[in-house]
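# Descriptive analysis of the structure
In case you want the letters, here they are:
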Amino acid sequence: MTDESTDPAVERFLNRAAAALDDYDDGYANADATLATLRTHVDELAGSVEGTDTEG
């Protein structure tokens, strides 16, 4: 682990992905919904890396 701070987009992705997986584990979402949510978060992260982030 480094002392450098993690990119905010990566932190946001990790937090949202963990929340989606927690919802699945707790029975609040099915597998298809969880995968769709994760895909959305992956796309958002990719957009921020590519400079097309639409979230403020």
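The structure displayed is predicted, hence computed values, not measured ones.

Definitions and limits used
Residues numbered from 1 in each chain as written. Predicted model: local features only at pLDDT ≥ 70, side-chain atom pairs only at ≥ 80, totals over all residues. Heavy atoms only, no water. Helix = DSSP H or I, 4+ residues; strand = E, 2+ residues; numbered from the N terminus. Contact = heavy atoms within 4.5 Å. Salt bridge = Lys/Arg side-chain N within 4 Å of Asp/Glu carboxyl O. Buried < 20%, exposed > 50% of the residue type's maximum accessible area, 1.4 Å probe, protein only. Axes fitted to C-alpha atoms, helices over the stretch in contact; angles between N-to-C directions. Parallel < 35°, antiparallel > 145°, perpendicular 65-115°, else oblique. Nonpolar A, V, L, I, M, F, W, Y, C, P; charged D, E, K, R; others polar.

## Considering the environment of L45
Position of L45 among the secondary structure elements: in helix α2 (residues 31–49). Measuring from C-alpha to C-alpha, the distance between L45 and F13 comes to 6.4 Å, with 32 residues separating the pair along the chain. Non-local contacts of L45, meaning those with residues more than four positions away in its chain, are made with A9, V10 and F13.

## Considering the pattern of salt bridges
A full pass over the atoms with the stated rule returns one salt bridge. In this structure, the salt-bridge partner of R16 is E44, at a minimum N-O distance of 3.0 Å. Of the two residues, R16 is situated in helix α1 (residues 8–25) and E44 in helix α2; the sequence distance between them amounts to 28 residues. Residue R16 is classed as partly exposed on the basis of its relative accessible area of 27%. In this structure E44 comes out as partly exposed when scored by relative accessible area, which is 31%.

## Details of the environment of G47
Mapping G47 onto the fold places it in helix α2. Along the backbone, G47 and A9 are 38 residues apart, and their C-alpha atoms lie at a distance of 9.6 Å.

## Observations concerning the packing of α1 against α2
Taken N-terminus to C-terminus, the directions of α1 and α2 make an angle of 180°; their axes are 10 Å apart at the nearest point. Taken together, α1 and α2 sit at an angle that is classed as roughly antiparallel. Where α1 approaches α2, its residues A9, V10, F13, R16, A17, A20, L21 and Y24 are matched on the opposing element by A31, T34, T37, L38, H41, V42, E44, L45 and S48. By residue class, the composition of the contact of α1 with α2 is 11 nonpolar, four polar and two charged.

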